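In case you want the letters, here they are:
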Amino acid sequence: MTGIWSGLAARRITAPLVATVLAATAALVAPAGASAAQGDAFCGTDYGQAGWSTPVEGTIINELTVRVLVGSDDIRSQTNVYAWVAINNGSGDVWLAENLNNGVAYPNGSLLQAKFPLTGTDLGLITIENISKIEISYISGLPDAFSSWDNWNMNAVRVLYPKSPNLDPPLSTAIDWSQYDQLLYGSGSPWLHRFKFSCDSEGGPSWETFNPFWNAI
Ligand SMILES: [Ca+2]
C-alpha cells in the first residue's frame, strides 16, 4: 500500500482513479462525502470544526502550506499522512494529494507542516475560491508483523496560501502574516479529529471539510 501511495503524492488524481486506488487499499483514505454539501465529514467524535476564512477572491495559488498540530497520540515512523485538495473549476472535483511527512515520525505535541504544490497540474491557473474541499488522511505504518496499526490525534489544522503567486514563504513555526492569508483553521480538545485505522465511535481514517465559499469562476 505504501508503494502505491508514495507514487500518488503531488500528482493530479482524477476521481475515478481515486476510487480505483481506494478500492485497492481498503478505502482507507476515501475522500468522504464527495457530493455532500458544506460541512465536515468524518467518523468518530470530533471536538471542533474547521472554520473557513472568506477567500481573497482571484488570488492565484501555486502552493498551499498545511500545518497540523499533533495531539497526545503521535504519528509513528513509517506512517504517512496525506493532505488532499479538491479543485473544482466547474467541471467537477479534481483531487490532488501530497504526502505531508514522508513517513517521518512526529511526536506528541509537535507541529507537522508542509508545502502543497499546485503547479504542473494541467488545471491551468487555480484561484483560491476554486478549492472545494480539503481532506487529511493517513496510511498507518506497520514496521513489522507484530505491530499494531498506528493511531494519532490531530489537535489543530491550518491551511494557508501566499498572498501572491510570486511568494514562496519558508516554513517556520511562526506564521508570517505579511506573506500569508488563511484558508481554514480548526482545533479541538482532547482532539479535533482522532485518526484510526478503521471507523469507530472515537475516530476514523480520514477527515474532510467543505469550502462554504467555493466558487467555480
Ligand atoms: Ca500513534
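Here the structure is a predicted model, which means the values were calculated and not measured.

**A word on the overall build of the chain**
Alright, step 1. The number of helices and strands found in the chain is two helices and twelve strands.
Alright, step 2. Looking at the chain alone, contacts between residues at least 24 apart form 79% of all its contacts between residues at least 6 apart.

**Comments concerning unusual backbone geometry**
Alright, step 1. Across the junction of Ser-189 and Pro-190, the peptide omega takes the value 10°, indicating a cis bond.
Alright, step 2. Look at Gln-78: it is not a glycine, yet its phi comes out positive at around 80°.
Alright, step 3. Take Gln-78: it is sitting in the loop between β4 (63-70) and β5 (80-87).
Alright, step 4. In this structure, Asp-122 takes a positive phi of about 60° despite not being glycine.
Alright, step 5. Mapped onto the elements, Asp-122 comes out in the loop between β7 (111-117) and β8 (131-139).

**Describing the confidence of the model for the chain**
As a note on interpretation, predicted positions should not be read in detail where pLDDT is low.
Alright, step 1. When pLDDT is averaged along the chain, the result is 84; 82% of the residues meet or exceed 70.
Alright, step 2. Here residues 1-38 is modelled with pLDDT under 50, and outside its nearest four sequence neighbours on either side it reaches 58 contacts, counting other chains as well.

**A short note on the nonpolar core**
Alright, step 1. Among the nonpolar cores identified, the biggest contains 42 residues, and Leu-64, Ala-83, Trp-84, Val-85, Leu-96, Met-154 and Leu-183 are the most heavily contacted of them.
Alright, step 2. Looking at this core, the elements with two or more residues in it are β4, β5, β6 (94-99), β8 and β9 (152-162).
Alright, step 3. The greatest single-element share of this core, amounting to seven residues, is contributed by β5.
Alright, step 4. Among residues more than four places away in sequence, those in contact with Ala-83 are Val-66, Glu-98, Leu-100, Phe-116 and Ile-136.

**Some thoughts on the pairing of β8**
Alright, step 1. Among the nine residues of β8, nine are classified as buried, and the element is accordingly described as predominantly covered.
Alright, step 2. In terms of strand pairing, β5 meets β8 through eight bridges, oriented antiparallel. Bridging across to β8, Trp-84 finds its partner in Glu-135.
Alright, step 3. Pairing of β8 with strand β12 (residues 206-210), which is carried by five bridges, proceeds in the antiparallel orientation. Across the sheet, Lys-133 pairs through a bridge with Phe-210, a residue of β12.

What counts, and where the lines are drawn
Residues numbered from 1 in each chain as written. Predicted model: local features only at pLDDT ≥ 70, side-chain atom pairs only at ≥ 80, totals over all residues. Helix = DSSP H or I, 4+ residues; strand = E, 2+ residues; numbered from the N terminus. Contact = placed C-beta atoms within 7 Å. pLDDT = per-residue confidence, 0-100. Core = buried A, V, L, I, M, F, W, Y, C linked by C-beta atoms within 7 Å. Buried ≥ 20, exposed ≤ 12 C-beta atoms within 10 Å, placed from the backbone. Pairing = 2+ DSSP bridges.

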